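The residues making up each chain are set out below.
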Amino acid sequence: QKEVEQDPGPLSVPEGAIVSLNCTYSNSAFQYFMWYRQYSRKGPELLMYTYSSGNKEDGRFTAQVDKSSKYISLFIRDSQPSDSATYLCAMSSSGGSYIPTFGRGTSLIVHP
Amino acid sequence: DAGITQSPRYKITETGRQVTLMCHQTWSHSYMFWYRQDLGHGLRLIYYSAAADITDKGEVSDGYVVSRSKTENFPLTLESATRSQTSVYFCASSQGHEQYFGPGTRLTVT
């Protein structure tokens, strides 16, 4: 079992839908949780960064962490075709070593 | 321009040749990383560096060499390229848990 599990998709939704992207993990030491967006043939770009449990909102994006269930989510409201990309979750533990563990990414397609 | 750059963006080489991929960042981040990204495997860490002159192996370091004589540069060398090293290579830097990625180098080994 991988430390971080992420369904590769593709997830296809109509424009305007609420999208839910998820990752599960097994390492209870993870405290820092990131979501990256990667467009085709581009490098990943940081989208959201949260520490420990709870929610964080940034525009149409909400990151949610449930440490008791070892489950993180990224919600996208009012999805747009421009949101079509691969979304990677990443997480790391405290202790001075900034080396994250990445999920394999979920491919999202938002069709007009 | 500020940020993280990689060169070349595309490279075709032959089996057995030595290839060096360059990475440069302007943020003075302490940490730098090299990943390869392949279909079905996601991002895999090749090498990382916590500071100048400090490097350490990742999960797929065989066949690769790195150096970091200056904080801003982190070149990755394939000593004798093999077809299995055909991939997209990403460099990243960080000063904390969040990483910032370069645009990638698409390497084909024939």
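Remember, predicted model here, so these are calculated numbers, not experimental data. (Residues numbered from 1 in each chain as written. Chains lettered and ligands numbered in written order. Predicted model: local features only at pLDDT ≥ 70, side-chain atom pairs only at ≥ 80, totals over all residues. Heavy atoms only, no water.)

## A closer look at the nonpolar core
Moving on, step 1. Ranked by internal contacts, the top residues of the largest apolar core, which has 24 residues, are Trp35, Ile72, Leu74, Tyr87 and Met91 of chain A.
Moving on, step 2. Breaking this core down by element, the ones donating at least two residues are β3 (19-25), β4 (30-38), β5 (45-51), β7 (61-66), β8 (71-76), β9 (85-93) and β11 (106-111) of chain A.
Moving on, step 3. Not counting chain neighbours up to four residues away, the residues in contact with Ile72 of chain A comprise Leu21, Asn22, Cys23, Tyr25, Phe33, Trp35, Gln64, Val65, Cys89 and Met91 of chain A.
Moving on, step 4. If you look at the next biggest cluster of nonpolar residues, it comprises 19 residues, including Trp34, Val66, Leu76 and Ala81 of chain B. (Core = buried A, V, L, I, M, F, W, Y, C linked by side-chain atoms within 4.5 Å. Buried < 20%, exposed > 50% of the residue type's maximum accessible area, 1.4 Å probe, protein only. Helix = DSSP H or I, 4+ residues; strand = E, 2+ residues; numbered from the N terminus. Contact = heavy atoms within 4.5 Å.)

## What to know about the sheet that holds strand β1 (residues 4-7) of chain B
Residues and elements named next belong to chain B.
Moving on, step 1. Taken in spatial order, the four strands line up as β1-β3-β8-β7 in an open sheet, and their pairing is antiparallel. Here the strands that pair on one side only, and so sit at the sheet edges, are β1 and β7 (64-66). In this sheet, neighbouring strand axes are inclined to one another by 20° on average, regardless of whether the strands run parallel or antiparallel.
Moving on, step 2. Examined bridge by bridge, β7 and strand β8 (residues 76-78) share three bridges and lie antiparallel to one another. Its bridge partner lying in β8, Tyr64 is registered against Leu78. (Pairing = 2+ DSSP bridges. Axes fitted to C-alpha atoms, helices over the stretch in contact; angles between N-to-C directions.)

## Digging into the pairing of β3 of chain A
Residue and element names in this part refer to chain A.
Moving on, step 1. Here β3 shows a clear split, with Val19, Leu21, Cys23 and Tyr25 buried on one side and none of Ser20, Asn22 and Thr24 buried on the other.
Moving on, step 2. Inspection of the sheet shows strand β1 (residues 4-5) paired to β3 by two bridges, in the antiparallel sense. Within β3, the position partnered with Val4 by the bridge is Tyr25.
Moving on, step 3. Here six bridges tie β3 to β8, and the two strands are oriented antiparallel to one another. Paired with Ser20 across the strands is Phe75, a residue of β8.

## Points about the interface of chain A and chain B
Moving on, step 1. Contacts between the two partners involve 21 residues from chain A and, on the opposite side, 24 residues from chain B.
Moving on, step 2. When chain A packs against chain B, the two sides together hide about 1800 Å² of surface, and 59% of this comes from carbon and sulfur.
Moving on, step 3. Its largest share of buried area at the contact with chain B, chain A owes to Arg41, Tyr98 and Ile99 of chain A, together 35% of the area lost on that side.
Moving on, step 4. The interface formed by chain A and chain B contains four residue pairs in polar contact (both at pLDDT 80 or more).
Moving on, step 5. Only β4, β5 and β9 of chain A provide two or more residues apiece to the side of chain A that touches chain B.
Moving on, step 6. At four residues, the largest contribution of residues to the side of chain A that touches chain B is made by β4 of chain A.
Moving on, step 7. Classifying every residue of the side of chain A that touches chain B by side-chain character gives eleven nonpolar, seven polar and three charged. (Buried area = accessible area lost by both parts, 1.4 Å probe. Polar contact = N/O pair within 3.5 Å; in protein donor to acceptor, adjacent residues only side chain to side chain. Nonpolar A, V, L, I, M, F, W, Y, C, P; charged D, E, K, R; others polar.)

## With respect to the packing of aromatic side chains
Moving on, step 1. For the structure on display, the rule yields 15 aromatic pairs over all chains.
Moving on, step 2. Judged by centre distance (4.9 Å) and plane angle (45°), the rings of Tyr32 of chain A and Tyr51 of chain A are tilted. Of this pair, Tyr32 of chain A sits in strand β4 while Tyr51 of chain A is found in strand β5, placing the two residues 19 residues apart along the sequence.
Moving on, step 3. Assessed through its relative accessible area of 16%, Tyr32 of chain A is described here as buried.
Moving on, step 4. Here the aromatic cluster, defined as three or more aromatic residues joined through ring pairs, consists of Tyr36, Tyr98 and Phe102 of chain A together with Tyr31, Phe33, Tyr35, Tyr48 and Phe101 of chain B. (Phe/Tyr/Trp six-rings, centres within 6.5 Å; stacked < 30°, edge-to-face > 60°.)

## Comments concerning the sheet that holds β8 of chain A
Residue and element names in this part refer to chain A.
Moving on, step 1. Ordered by their spatial adjacency, five strands build an open sheet running β1-β3-β8-β7-β6, and the pairing between neighbours is antiparallel. Among the strands making up the open sheet, the edge pair consists of β1 and β6 (54-58).
Moving on, step 2. The sheet contact formed by β7 and β8 spans six bridges and is antiparallel. The residue of β8 that forms the bridge with Val65 is Ile72.

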